[in-house]
Amino acid sequence: MRKVLAVAGIFILLLFLGCRRDLERPTWDVDALAPLAYTNVTLLDAVADSLIDSTQDGRLNLNYESNLFSYKLDSLFSIPDTSTTEFFSLPIGTITVPPGQTIFSDTQETQYNLEDIELKLAIIRSGEIKLNLTNTISEDLIFDYSLPFATLNGVPFSISETVPAAIGGNISTISTTYDLSDYEIDFTGSNGNTFNTLVSGFRVYVSPTGNPVTINAGNYVEIESEYLGIIPNYARGYFGNRTVTVGPEFTSLDVFQNVPAGNAQFEQASLQLDINNELGIDFTANIGRFSASKNNSRVDLQHSITEAPVNLTRATETIYQTSYSPSSYSENVDQTNSNITDFLGIFPDSLGYEIELLVNPLGNISGGNDFVFYNSGLELSAKLNVPLEFNASNILILDTTQFNLDEDTRTTTDNINGGTLWLRAENDYPLDATVQIVTLDVNNQVLDTLVSQPDLIRAGIPNAAGRVVEPTTSRVAIPLNQSKTQRLYQAENLIFIIRLNSIDNIPSVIYEDYQMELKLIGDFDYRIDLNEI
């Protein structure tokens, strides 16, 4: 009995002393687990969904089509703005002219400078003629102006304008613009035996309802013709024999825009290059360079299409002045006849090319019957097919996830002593990976790098055929201190920086159900103050 009382007394004393210590310092330390972020990473994030399809067994393929290059009509041929002036003046003496009497008339041929092009005919899509008519004679004059070889529905262009009399020594001028759309213009001249030649005619006479007028020395009439913005809808002639250089030029490639870096050695790839010639002109094309670029890396395509001239036959005019059928040239580039796998292996974000075009390499074999339609030209297009089976080397994928500690969590964890962040990764891919985590503030400025030397995340477990049947789970510890914790409070976004590598340089097939789940969990050691409860 005395032994029991002694034990009871010791217990009461210990309880009293324990309560006394709590009253002196009402705090204690606790550990707590808190989920902080989650993301699900797939290789589909690296390529637009619309470019990916899968086979029946779930293997992924990349398919991409694009127009890489266009050489349009306006690059080959254009009709420049041109102006002409016709002037009549009485040099000496005076003459009296009755009503209806012609003062000045002429036919003019204006030849366009089109270099080595010999234009015979054009149907105008848009354009205009502006006439500036001047009269210094003291009676109304009528100006007749015509383009006898420019017709609309078989009717030649013709206008007549009255320019009022010049009164009190003033000059009388009118300016009028006329639409030439849909006119068919014959450029072979008055005798039909030349080219690039526009024929115009004019007559200036005293108004038949006017009075006899005296023309003094120094009086004059003037016709200024301006042909502006002439764009043909159709043109025919001989379009010369010259060399045109296109490039070097670059076109952006958005297939791999979400893969900032890394390399892949693809097992297979097929690139079909199609050249359509929509012009009624023969060409020889020399593709001097066709290259893929990414960052500071460049790979030139090695294939016969870049090593030998390509002859492009002319389009066929199926309905005269109305429609045509383009000629086509195709070349298939794959891993058996080129370095296409290296070309694509840098995940290019731009393609560069330099092309030399020889126009009518055999000369005027059409007898001046080359033809072009508006907006026609040469087009180079590409169709790309790549099965996603490759050997990966440091393929970089970035995944940005929203992150913020809610107010309750912030209040509860204001007194964090330290702890550990745990990155839990479940990897379905047959590729090893490393993951870095970077925190960003509200302005997307870097606050901290949580994982500077990442641990290895093992590849998934494959079956005998190489198909992953079980994900591998890896855990990476990220120690926290107080300064790192404070920066964590300021974070608004996390960037997961993922690098993928093949095991022993063995190519892997990528299936549509592969993914990598990443979870960030906080194992916090923080102090709770009873005075705040």
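Here, every reference points to the structure presented above.
Now for a quick tour of the structure. (Residues numbered from 1 in each chain as written. Predicted model: local features only at pLDDT ≥ 70, side-chain atom pairs only at ≥ 80, totals over all residues. Heavy atoms only, no water.)

### As for the overall build of the protein chain
- Assigned secondary structure in the protein chain consists of five helices and 38 strands.
- Expressed as a percentage of contacts within the protein chain between residues at least 6 apart in sequence, the contacts between residues at least 24 apart total 86%. (Helix = DSSP H or I, 4+ residues; strand = E, 2+ residues; numbered from the N terminus. Contact = heavy atoms within 4.5 Å.)

### Details of the sheet that holds strand 37 (residues 508–509)
- Taken in spatial order, the three strands of this open sheet run 16-27-37, and their pairing is antiparallel. Every other strand in the sheet has two partners, leaving strand 16 (263–266) and strand 37 as the edge strands with one partner each.
- As judged from the four bridges shared by strand 16 and strand 27 (residues 389–393), these two strands associate in the antiparallel manner. Within the sheet, the bridge partner assigned to Ala264 lies in strand 27 and is Ala392. (Pairing = 2+ DSSP bridges.)

### Describing the environment of Asn501
- The topology assignment puts Asn501 in strand 36 (residues 493–501).
- Measuring from C-alpha to C-alpha, the distance between Asn501 and Thr434 comes to 8.8 Å, with 67 residues separating the pair along the chain.
- Setting aside residues no more than four positions away along its own chain, Asn501 makes contact with Ala392, Ser393, Asn394, Leu431 and Asp432.
- Separated by 2.7 Å, the side chain of Asn501 and the backbone nitrogen of Asn394 make a polar contact. (Polar contact = N/O pair within 3.5 Å; in protein donor to acceptor, adjacent residues only side chain to side chain.)

### A closer look at helix 5 (residues 482–489)
- Considered for burial, the residues of helix 5 that qualify are Lys484, Thr485, Leu488 and Tyr489. For helix 5, the angular spread of buried residues about the axis comes to 150°, placing them on one side. (Buried < 20%, exposed > 50% of the residue type's maximum accessible area, 1.4 Å probe, protein only. Arc of directions from axis to C-beta.)

### A short note on the environment of Thr485
- Structurally, Thr485 can be placed in helix 5.
- By relative accessible area, which is 3% here, Thr485 ends up buried.
- In this structure, the C-alpha to C-alpha distance between Thr485 and Gly419, residues 66 residues apart in sequence, is 9.2 Å.

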